[in-house]
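So you can see what is in the structure, the chains are spelled out below.
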Amino acid sequence: QVQVVGSGGGLVQPGGSLRLSCVASGRTFSIYDMEWHRQAPGQQRELVARITSGGSTNYADSVKGRFTISRDNAKNTVFLQMNSLKPEDTAVYYCNAKWGPYTRWGQGTQVTVSS
């Protein structure tokens, strides 16, 4: 069974950085497309960044140039490096793994950007 576990959230001041991690186990990690989404209070969940099994990446316009998604297939892990954080980046961040018609979500990790 595929399990997805995200971590790394916390409280950071505006302009600061955080790195989120997401481990996906249960199948060969390299076949997964991996995504990070976020959901702020009262708002819909939105796609933040995506990395395919081949390493192609996509970003939401709101995070381009500030966030970087990467993967380490040897460690079954995808990372989201978040720099120049803004208060509007405050949200619960969720990762997922996609393969074929399937999607498995991890639990969320809270990111709060505040002084």
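Just so it is clear, the structure is predicted and the values come from calculations on it, not from any experiment.

(A) Spotlight on the side chain of H37. By secondary structure assignment, the location of H37 is in strand β4 (residues 33-39). A distance of 2.8 Å separates the side chain of H37 from the side chain of E35, its partner in a polar contact. Excluding its chain neighbours within four sequence positions, the residues that come into contact with H37 are R45, E46, L47, V48, V92, Y93, Y94, N96 and W105.

(B) Looking closely at unusual backbone geometry. At N76, a position not held by glycine, the phi torsion is positive, near 55 degrees. Looking at where N76 falls in the secondary structure, it is placed in the loop between β7 (67-72) and β8 (77-82). We note that S84 has phi near 50 degrees; this positive angle belongs to a residue other than glycine. When you line up the elements, S84 lands in the loop between β8 and β9 (91-99). Overall, the relative accessible area of 41% leaves S84 in the partly exposed class.

(C) Focus on the pairing of β9. Within β9, seven of the nine residues are buried, which leaves the element mostly enclosed by the surrounding structure. Here β4 pairs with β9 via seven bridges, running antiparallel. If you follow R38 over to β9, its bridge partner there is Y93. Note: β9 against strand β11 (residues 109-113), three bridges, orientation antiparallel. If you follow Y93 over to β11, its bridge partner there is T109. By the bridge criterion, four bridges tie β9 to strand β10 (residues 102-105) in an arrangement that is antiparallel. Note on β10: the bridge partner recorded for W99 is Y102. As consecutive antiparallel partners, β9 and β10 are separated by two residues, and within that stretch G100 has a phi angle of approximately 55 degrees, a positive value.

Calculation criteria
- Residues numbered from 1 in each chain as written.
- Predicted model: local features only at pLDDT ≥ 70, side-chain atom pairs only at ≥ 80, totals over all residues.
- Heavy atoms only, no water.
- Helix = DSSP H or I, 4+ residues; strand = E, 2+ residues; numbered from the N terminus.
- Polar contact = N/O pair within 3.5 Å; in protein donor to acceptor, adjacent residues only side chain to side chain.
- Contact = heavy atoms within 4.5 Å.
- Buried < 20%, exposed > 50% of the residue type's maximum accessible area, 1.4 Å probe, protein only.
- Pairing = 2+ DSSP bridges.

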